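Tertiary structure, described
Here are the chains, one letter per residue:
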Amino acid sequence: MTLREQITALKDELFHLRRDFHMYPELGFEEHRTAGKVASYLEDCGLEVTRMAKTGVVGLLRGGQEGKTLLLRADMDALPIQEQNDLPYKSRHDGIMHACGHDGHTAMLLVAARVLSGYRDQLKGNIKFVFQPNEEDAGAYLMLEEGVMENPIVNAAAGLHLWTGLESGTVDICEGPVMAASHYFYLTVKGLGGHAGHINKAVDPIMVGSAIVQGIQAMQTRELNPLQPVSIVFTGFKAGYNTTIVPEQADLQGSIRFLSADGSGIKDSFYRVVEQVCSAHRAHFELEFKVGNEMVANDPDMTGLARAAALETMGNKSAVTAGLQSMGGEDFSEFARRVPAVFYFIGSGNKEKKTDYSHHHPCFNIDEEALVTGVEMHARLALKYFGLS
Ligand SMILES: [Zn+2]
Ligand SMILES: [Zn+2]
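Our subject in this report is the structure included herewith. Each residue is numbered by its place in its chain's sequence as written, counting from 1. All chains are assigned letters beginning with A, and all ligands numbers beginning with 1, in the order in which they are written. In keeping with the model being predicted, local features are shown solely for residues with a pLDDT of at least 70 and side-chain atom pairs are shown and tallied solely at 80 or more, while totals for entire chains, interfaces and linings include all residues. The basis for every side-chain value is the complete set of heavy atoms in the structure, and neither hydrogens nor water enter the calculation.

A few words now on the packing of helix α2 (residues 11-23) against helix α10 (residues 369-385). Only the stretch in contact is used when fitting a helix axis, every axis being a line fitted to C-alpha atoms; angles between N-to-C directions are given from 0 to 180 degrees. Every helix listed is a DSSP run of H or I at least four residues long, and every strand listed is a run of E at least two residues long, numbered separately from the N terminus. α10 packs onto α2 with a crossing angle of 110° between their chain directions and a minimal axis gap of 10 Å. The angle between the axes of α2 and α10 places the two elements in the roughly perpendicular class. For the pair α2 and α10, the crossing hand works out as right-handed. Seen from α2, the contacting residues are Lys11, Leu14, Phe15 and Arg18; seen from α10, they are Glu369, Leu371, Val372 and Val375. Angles below 35 degrees are treated as roughly parallel, those above 145 as roughly antiparallel, those between 65 and 115 as roughly perpendicular, and all remaining angles as oblique. What makes a crossing left-handed is the near helix being turned counterclockwise from the far one by less than a right angle; a clockwise turn instead makes it right-handed. It only takes one pair of heavy atoms within 4.5 Å for two residues to be counted as in contact.

Two strands pair when backbone bridges link them, and strand β3 (residues 65-75) and strand β4 (residues 124-132) are joined in this way by nine bridges, in the parallel orientation. By the bridge assignment for β4, Leu71 is matched with Lys128. A clockwise path from the first strand over the helix to the second, with the strands pointing away from the viewer, defines a right-handed crossover. Once you follow β3 into helix α4 (residues 102-117) and on to β4, the crossover reads as right-handed. Two strands qualify as a pair provided DSSP detects at least 2 bridges between them. Relative to strand β5 (residues 156-167), β3 runs parallel, the two sharing four bridges. Note on β5: the bridge partner recorded for Arg73 is Gly159.

Before going further, it helps to examine the coordination of the zinc ion (ligand 2). Note: metal donors comprise N, O and S atoms at 2.8 Å or less from the metal (3.2 Å for Na, K and Ca); water molecules are not included, so apparent gaps in a site are possible. Around the zinc ion (ligand 2), the donor atoms from the protein are Cys100 (SG), His102 (NE2) and His161 (NE2), and they sit 2.1 to 2.4 Å away. The sequence pattern formed by the donor residues of the zinc ion (ligand 2) is C-x1-H-x58-H. Separation of the zinc ion (ligand 2) from the zinc ion (ligand 1) amounts to 3.2 Å, with Cys100 serving as a shared donor to the pair. On the criterion of sequence distance, the pair formed by Cys100 in the loop between β3 and α4 and His161 in strand β5 is long-range, its members being 61 residues apart.

Attention shifts here to unusual backbone geometry. The omega torsion across Asn151 and Pro152 is -10°, close enough to zero to call that bond cis. Relative to the helices and strands, Pro152 resides in the loop between α5 (140-145) and β5.

The strand order β1-β2-β4-β3-β5-β16-β6-β15 describes an open sheet built from eight strands, whose pairing is mixed. Every interior strand has two partners, whereas the edge strands, β1 (48-52) and β15 (320-321), have only one. One ladder, built from six bridges, connects strand β2 (residues 56-62) with β4; its direction is antiparallel. Within β4, the position partnered with Val58 by the bridge is Val130. Its contacts with the sheet place helix α8 (residues 300-314) against β3, β5, β6 (171-172), β15 and β16 (341-349), and it is angled at close to 30° to β16.

A few words on the packing of aromatic side chains. Only centres within 6.5 Å qualify two rings of Phe, Tyr or Trp (six-membered ring in Trp) as a pair; their planes then separate them into stacked at under 30 degrees, edge-to-face at over 60, and tilted for everything else. With the rule as written, the count across this model stands at 10 aromatic pairs. Taking the centre distance of 5.1 Å and the plane angle of 35° together, the rings of Phe332 and Phe343 count as tilted. Here Phe343 lies in strand β16 and Phe332 lies in the loop between β15 and α9 (333-336), a separation of 11 residues in the sequence. Each member of the pair, Phe332 as well as Phe343, is classed as buried. Ring centres of Phe343 and Phe345 lie 5.7 Å apart, and the angle between their planes is 90°; on these two criteria the pair is classed as edge-to-face. Only protein chains enter the calculation, and the probe is 1.4 Å; a residue is then buried if its accessible area is under 20% of its type maximum, exposed if over 50%, and partly exposed in between.

A few words now on the nonpolar core. Counting residues in each nonpolar core, the largest one holds 69 residues, and the members touching the most others are Phe129, Phe131 and Tyr344. If sequence neighbours within four positions are ignored, Phe131 has contacts with Val38, Leu42, Gly56, Val57, Ala74, Met76, Thr106, Leu109, Leu110 and Met143. Among buried residues, the Ala, Val, Leu, Ile, Met, Phe, Trp, Tyr and Cys ones that are joined through side-chain atoms within 4.5 Å form a nonpolar core. Val130, Met143, Leu166 and Phe345 belong to the second-largest nonpolar core, a separate cluster that totals 28 residues.

This part covers the packing of helix α3 (residues 32-44) against α4. Think of two packed helices as two axes; the pair is described by the angle between the axes and how far apart they sit. Contact geometry of α3 with α4 gives a least axis separation of 9 Å together with a crossing angle of 15°. As summarised for this structure, α3 and α4 are arranged roughly parallel, according to the angle between their axes. Helix-helix and strand crossings are classified by hand; for α3 and α4 the assignment is right-handed. Residue-level contacts link Thr34, Val38, Tyr41, Leu42 and Asp44 of α3 to Thr106, Leu110, Val111, Ala113 and Arg114 of α4.

One number sums up the size of the largest pocket: a volume of about 400 Å³. Elements with a contribution of two residues or more to the lining of the largest pocket: β5, β8 (181-190) and β13 (284-293). In this classification, the charged set is Asp, Glu, Lys and Arg, the nonpolar set is Ala, Val, Leu, Ile, Met, Phe, Trp, Tyr, Cys and Pro, and all remaining amino acids, among them Gly, are polar. For the lining of the largest pocket, the per-class residue count stands at eight nonpolar, nine polar and six charged. All domain edges in this entry derive from an automatic or database-based domain assignment. Three or more residues apiece are contributed to the lining of the largest pocket by two domains, here domain 1 (3-178 + 295-385) and domain 2 (181-293). For cavity detection a 1 Å grid was placed over the protein atoms alone, and a set of points counts as a cavity when a 1.4 Å probe fits there but cannot get out; an open set counts as a pocket when protein lies on both sides within 12 Å along at least five of seven lines, with lining residues being those that have an atom within 4 Å of a point. Grid points are joined across faces, edges and corners, and a volume is the space filled by probe spheres set on the points.

Looking now at the side chain of Gln132. In this structure, Gln132 sits in strand β4. You can call Gln132 buried: its relative accessible area is 0%. For the purposes of these results, a polar contact is taken to be a pair of N or O atoms within 3.5 Å, where, inside protein, one atom must be able to donate a hydrogen and its partner to accept one; residues adjacent in sequence count only when each atom of the pair is a side-chain atom. Only 3.0 Å separates the side chain of Gln132 from the side chain of Arg73, close enough to count as a polar contact. If we skip the residues at most four places from it in the chain, Gln132 touches Arg73, Ala74, Asp75, Met76, Gly139, Ala140, Met143, Asp331 and Phe335.

So, about α4. For α4, built from 16 residues, the straight-helix expectation of 22 Å at 1.5 Å per residue is met to within 8% by its first-to-last C-alpha distance of 22 Å. Most of α4 is tucked away: 15 of the 16 residues are buried. Multiply 1.5 Å by the residue count of a helix minus one, and that product is the helix's expected span.

Quick look at the structure:
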């Protein structure tokens, strides 16, 4: 049987798996049922199965001969959203929903594992199938801490995301930066409380905080290189509780996202603006940065492999695009920072099937035909990596 025929024969199983995961969604680091299903499926395929990172699962396919190790990754977590779809396989868990397509990611990688396990004897190397918990809150770090890249050492990685913003029947693969680094800031501006009627005796943290918001906006548009995308957004500004009392402090927070390798200086500039504005207005401050995700940047060689796999899978040049970059974060970056890697998008949007709602929307759904494409992409990319196609 050709690869396509093998996958087509497993189509019912693929849809069944996805719908089952969809019906019983679980939040990050709570994917116990999902992980159990994943582990027993992988064992059934004859893979060596390891549990790690609370609810993570790794299936190792050891090839017939020694060689490199390729990591293929799927994420398993759902979101705290009440599903509004009326589907026979609608979420049975109140307030929890697969609204990002990770149910599909898990199902696709499982079926790819079954298909690829049929190539074990010809395989000169290993394939590590990684089912990661809690992608929505950067759960990958825990798998890295617990040694997912070792035993055997991983040489390259690939991952994908179903994408409703892309038309079903297309695949998008870009070289270089594809998903943004997302860092967070927490800023407390400390003024001096007092009476609104005697404002000259107080230091107003609301005024200082507002000046900082403006100053950061000016820094972003007048100091940073406009050819390197940066997005700085204040998502919180809390201060005060009474019409006559000047509060002691203002608490601001937000995110700094960038899609270029040289984002290191942004936080220095941010700090400088905060420090200088506070100093100019006699206020003090505390500023803390946290890393959400680092940037995902695709390796040229791995991108080439994925594109070749996509051209064969789609059989049509115009169905393989290279235009999707996102200011959203993706913790696949933890893998991509360590080995040559590629992360690409499988179009799953179809207006007629009403699968064009955005990710994280309560009516989110995917065109299931895209799942077949995803399995074939995983499998073809792996076979190409090992020179089997
Ligand atoms: Zn998501
Ligand atoms: Zn997602």
